[in-house]
Amino acid sequence: MSYPVDRRGFLRSSGAATAAASLGLGGALTSCSSGKASTVTLTWWDYFTLDNFQPGMNRLIRDIESGVPDVKIERRTFPFADLVRQITLGAISGDLPDIAIVDNVSMNTLGGSHLLADLTSRVEKWGQADQYYKGPWDGCQVGGKTLGIPNNSNCLALYYNTAMLKSAGVKPPTTWDELASVAQRLTSGNRYGLALSAIKTEEGVFQFLPFLWQSGGDLNTFSAYGATALSFLDDLIRKGSLSEQCVGWTQQDANTRFLNQRAAMQINGPWQIPTLKKAAFEWDVVALPHDKQAATCLGGENWVLMAKSKHLDKAWEVLEYTQRPSVLVPYLVSFGDLPSRNDLASQGTWASDPALRLFLSQLPLARPRQYGTHYAEASEAVAEAEQAVLTGSASPSAAAKTAAAKIDKALGKQ
Amino acid sequence: MKRRHSPRRSFLSPSARRRRAGYLFCLPGMAYLALFLAYPLFYNVWTSVHDVELGQLLGGTERFNGLENYRAVVADPAFWHSVRLSLVFTLGSLLFQFAIGFALALLFARPFPLNGLLRSLLLVAWLLPPVVSGTLFRWLLDPESGAYNALFPAVGLGTLSHDWLTDPSTAMAGAIFANVWVGVPFNMLLLLVGLHTIDPELHEAAAIDGAGAWQRFRHITLPLMRPVSVTVLLLGLVYTFKVFDLVFVMTGGGPVDATRVLSLYAYEVFFTFFRFGQGAAAGLLLLVVPLLAGVSYVRRLRAEEEASAGGAV
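Residues numbered from 1 in each chain as written. Chains lettered and ligands numbered in written order. Predicted model: local features only at pLDDT ≥ 70, side-chain atom pairs only at ≥ 80, totals over all residues.

### Quick look at the overall build of chain A
Counting secondary structure elements, chain A contains 18 helices and 12 strands. The C-alpha radius of gyration computed for chain A amounts to 23 Å, which stays within 12% of the reference 22 Å derived for 414 residues, consistent with globular compactness. Its C-alpha atoms give chain A principal-axis dimensions of about 70 × 45 × 40 Å. By the burial criterion, 47% of the 414 residues in chain A qualify as buried. Across chain A, every contact between residues at least 6 apart in sequence was considered, and the portion connecting residues at least 24 apart equals 76%. (Helix = DSSP H or I, 4+ residues; strand = E, 2+ residues; numbered from the N terminus. Rg over C-alpha atoms; globule rule 2.2 N^0.38 Å. Buried ≥ 20, exposed ≤ 12 C-beta atoms within 10 Å, placed from the backbone. Contact = placed C-beta atoms within 7 Å.)

As structure tokens, this is what we get:
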């Protein structure tokens with residue numbers, strides 16, 4: 001694992017010995033920015049490191065700098081897994097941004113940390129809260145306060161290979177039973193009926209939680225409902241419809257299997273659409289099959305402002321500006337993201353692309369992972385239970401019971 | 001004309017001045033140690049006896065809680081599981097690294113064409129950053145596209161084809177395998193130096209007396225290699241027990257918790273669960289074994305120096 005070392009932060013935190021050096025650097029910075037006296041420089045952190053995100057992001061920042069008076073954005077990117085860690089370390093070293101775009105699941109960790117600025121009164125004055133989908137908006141509320149604004153939203157759905165289903169004479173599944181039987185029918189040779197990610201990270205949990213919710217349960221009833229969901233997946237593995245190797249697959253890996261036609265169906269998100277459009281075969285996407293109820297997991301990012309920021313007013317002005325349809329639509333389209341606002345659903349590519357429309361139609365069903373400060377421990381318990389069952393080292397009921405004890409311990413003591 | 005030191009030039013005697021110069025030369029080193037070793041260690045100890053989580057960090061409400069963090073860590077079954085895994089990983093790695101390293105050292109101790117070239121090539125394994133070796137072995141052991149699972153059946157070892165890293169019962173073996181590969185050159189090199197210190201006349205004399213190759217190895221090489229071997233194993237213990245990057249890259253501690261060694265456990269508590277106090281406590285507990293090994297290594301080194309100094313007189 002690599003830690004991008006911030007030179008300035010490093011110098012600052014290494015104390016007296018380098019005080020002279022950092023003073024020198026500070027002087028240099030001041031002299032640089034003193035060209036325009038009234039310009040405010042806002043630091044901005046996100047995890048969009050891939051090349052294909054840069055044109056859209058650069059455009060957004062240029063747009064902000066020309067649209068919001070006297071503001072300059074200084075952007076820094078981190079690897080996905082490092083962003084929250086870096087913000088946490090910033091809490092110790094004092095090196096924090098003004099604005100950040102964080103994964104929505106990080107609201108659990110950051111929400112209880114006093115790190116995020118309370119936007120409640122600003123949002124009330126702004127009066128656009130009701131424009132957002134419920135799941136994404138709820139995900140920004142922690143302890144009765146608004147701590148963020150949804151940036152984009154996504155959720156999971158079921159992709160299928162049209163030709164494979166046609167030649168097997170089956171329709172896309174809508175219930176668990178149908179999913180099991182269709183997946184079995186589609187399995188042959190080295191082709192699996194279904195691909196999904198069960199890796200031991202939040203990514204695997206993101207894919208597992210819909211099964212738990214569909215069974216009618218939640219993390220606080222994991223012992224019973226977790227067992228139901230786990231044994232459903234276990235059956236898929238035992239019948240050979242799902243590869244046991246999914247315990248090592250990321251969602252990207254699942255998509256690769258689907259693209260190579262080694263899986264007839266896959267559970268994945270809308271961010272795969274641009275890649276899948278280049279596929280040499282026909283595919284389509286439907287809602288996740290339901291059991292007791294329909295559910296999918298909410299992904300995406302939120303904008304947050306840091307409580308320690310010296311320019312909160314300006315940062316909020318920037319945030320508000322980014323939410324204007326004329327700014328937001330081109331930015332989200334360039335990222336291949338879905339909007340979190342229902343007033344944008346009929347704009348951009350979302351109006352015409354059937355796959356995107358399917359995902360949009362699922363957003364009202366998408367649930368945020370909103371479980372509080374110690375969610376990370378509960379999440380790990382879930383991931384370990386799933387891995388134990390799918391690798392055959394524990395029975396679904398035993399694994400669910402073990403996990404339930406850990407989950408209760410983690411979520412109970414907040 | 002005789003020159004005498006004027007007392008006005010310095011209050012210090014020449015020897016005291018020399019000593020003062022000595023301290024001055026030490027200063028950069030001491031400053032470095034204080035800044036990058038003592039301070040983080042002290043901060044870690046401080047954190048380990050305070051109730052620090054993310055919430056308290058900014059609220060400034062962390063409070064002294066004595067050994068509470070240590071108690072929580074020791075009461076966690078996952079901690080003891082990771083201690084067991086660390087021991088398995090360390091002992092497994094050391095055993096194979098040492099045995100293979102010793103065999104290779106015996107081989108390279110003899111002159112043969114390309115000896116030097118091959119020896120330096122082997123060292124590459126040790127010079128590679130663990131992140132690179134970890135990634136390499138993750139690819140090699142990949143169940144679908146990995147080279148090993150493709151090669152095993154081709155050379156009649158089809159039974160070895162297996163999802164090494166995704167099966168909880170074999171993931172540790174996979175990690176040890178990679179670490180052995182990393183550690184063998186280091187063992188080989190140190191043992192080779194040791195072999196060169198053995199007087200060849202001993203072997204010649206024994207051979208003249210009719211001792212076979214095995215007898216010479218058993219009664220000459222092994223006893224004379226004892227001090228070097230202990231040193232190599234102690235250093236290996238220190239390196240292996242605290243391993244992090246290799247395992248983190250290969251398995252991330254999984255599947256389930258099959259490879260979550262102590263360092264990964266501490267990392268997880270600290271950076272995933274943000275329980276800073278308990279993470280610091282776990283980190284300090286992780287230090288115990290390498291520290292004991294380190295102390296015993298330094299002691300042995302001193303004893304050896306004294307013994308050889310005595311022998312030289």
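### Overview of the overall build of chain B
Within chain B, the secondary structure is distributed over 13 helices and 0 strands. When the elements of chain B are put in sequence order from the N terminus, they spell out α-α-α-α-α-α-α-α-α-α-α-α-α. The C-alpha atoms of chain B give 26 Å as radius of gyration, which overshoots the globular expectation for 313 residues (20 Å, by more than 25%). For chain B, the spread of C-alpha atoms along the three principal axes comes to 90 × 75 × 30 Å.

### Things to note about the nonpolar core
Ile99, Ala183, Leu194, Met265, Leu305, Ala385 and Ala403 of chain A are the most contacted members of the largest nonpolar core, which has 172 residues in total. Take this core: its biggest share by element is 11 residues, from helix α8 (residues 171-196) of chain B. Residues lining this core come from more than one domain, with at least three contributed by each of domain 1 (25-154 + 299-367) and domain 2 (155-297 + 370-412) of chain A. Once residues within four sequence positions are removed from consideration, leucine 194 of chain A is found in contact with Ala183, Leu236, Ser241, Leu242, Ala263, Met265 and Gln266 of chain A. (Core = buried A, V, L, I, M, F, W, Y, C linked by C-beta atoms within 7 Å. Domains from an automatic or database assignment.)

### Overview of unusual backbone geometry
Phi at glutamine 261 of chain A is positive, roughly 60°, even though this residue is not glycine. Within the secondary structure layout, glutamine 261 of chain A lies in the loop between α12 (251-259) and β9 (263-268). Residue class for glutamine 261 of chain A comes out partly exposed when judged on the 14 C-beta atoms lying within 10 Å of it. One non-glycine residue with positive phi stands out, namely valine 256 of chain B, at about 50°. Along the chain, the position of valine 256 of chain B falls in the loop between α11 (245-250) and α12 (262-272).

### Details of the interface of chain B and chain A
Taken together, the 25 residues of chain B in the interface contact 25 residues of chain A. When residues of the side of chain B that touches chain A are traced back to their parent elements, those giving at least two are α1 (14-48), α2 (54-59), α11 and α12 of chain B. Of the residues that constitute the side of chain B that touches chain A, the class distribution is 14 nonpolar, 6 polar and 5 charged. (Nonpolar A, V, L, I, M, F, W, Y, C, P; charged D, E, K, R; others polar.)

### Thoughts on the domain arrangement of chain A
Residue and element names in this part refer to chain A. Along its sequence, chain A is carved into domain 1 (25-154 + 299-367) and domain 2 (155-297 + 370-412). Put simply, the middle of domain 1 and the middle of domain 2, counted by C-alpha atoms, are 30 Å apart. Contributing elements (two or more residues each) for the side of domain 1 that touches domain 2: α5 (107-111), α16 (354-362) and β12 (366-367). Take the side of domain 1 that touches domain 2: its biggest share by element is 5 residues, from α16.

### Section: the pairing of strand β7 (residues 157-161) of chain A
Residue and element names in this part refer to chain A. For β7, a buried count of 5 out of 5 residues is recorded, marking the element as mostly surrounded by other parts of the structure. Judged from the 4 bridges that link them, β7 and β9 form a sheet pairing that is antiparallel. Across the sheet, tyrosine 160 pairs through a bridge with methionine 265, a residue of β9. The sheet contact formed by β7 and strand β10 (residues 283-286) spans 4 bridges and is antiparallel. Bridge pairing links leucine 158 to valine 286 in β10. (Pairing = 2+ DSSP bridges.)

### Re the sheet that holds β10 of chain A
Hydrogen bonds along the backbone pair up the strands of a sheet, which may run parallel or antiparallel. Residues and elements named next belong to chain A. Pairing in this open sheet of 4 strands is mixed, and the strands run β8-β9-β7-β10 from one edge to the other. Edge positions in the open sheet fall to β8 (192-195) and β10, since each of these has one partner strand only. On average, adjacent strands in this sheet sit at an angle of 20° to one another, irrespective of strand direction. Each of β7, β8 and β9 is contacted by α12, which is oriented at about 155° to β9, the strand it contacts most. (Axes fitted to C-alpha atoms, helices over the stretch in contact; angles between N-to-C directions.)

### Some remarks on the packing of helix α11 (residues 222-238) of chain A against helix α18 (residues 396-412) of chain A
Residue and element names in this part refer to chain A. The interhelical angle for the contact between α11 and α18, taken along N-to-C directions, is 140°, at an axis separation of 8 Å. With respect to α18, the element α11 is oriented oblique. In the crossing of α11 with α18, the sense of the turn from one axis to the other is right-handed. Every residue of α18 that contacts α11 at Phe222, Ser223, Gly226, Ala227, Leu230, Ser231 and Asp234 is listed here: Pro396, Ser397, Ala399, Ala400, Lys401, Ala403, Ala404 and Ile407. (Parallel < 35°, antiparallel > 145°, perpendicular 65-115°, else oblique. Left-handed = near helix turned anticlockwise from the far one by under 90°.)

### Section: α11 of chain A
An α-helical turn contains 3.6 residues, so a residue and the one three or four places further along point in the same direction. All names here are of chain A. If you check α11, its first and last C-alpha atoms are 22 Å apart, about what 17 residues at 1.5 Å a residue would give, namely 24 Å. Of all the positions in α11, only Phe222, Tyr225, Gly226, Ala227, Thr228, Ala229, Leu230, Leu233, Asp234, Leu236 and Ile237 are classed as buried. Buried residues in α11 make contact with α9 (176-186), β8, α10 (202-214), α17 (375-390) and α18. Residue glycine 240 follows α11 closely and has a positive phi angle near 80°. (Expected span 1.5 Å × (residues − 1).)

### Notes on α17 of chain A
All names here are of chain A. With 16 residues, α17 ought to run about 22 Å at 1.5 Å a step, and its terminal C-alpha atoms sit 22 Å apart, in line with that. Most of α17 is tucked away: 16 of the 16 residues are buried. At the exit of α17 stands glycine 392, carrying a positive phi of roughly 75°.

### Describing the environment of phenylalanine 335 of chain A
Residue and element names in this part refer to chain A. Tracing the backbone through its elements, the reader meets phenylalanine 335 in helix α15 (residues 325-335). Judged by local crowding, phenylalanine 335 falls into the partly exposed class, with 19 C-beta atoms found within 10 Å. Taking C-alpha positions, phenylalanine 335 is 6.7 Å from glycine 56, a pair spaced 279 residues apart along the chain. Other than its neighbours up to four places away in sequence, phenylalanine 335 contacts Phe53, Gly56 and Asn152.

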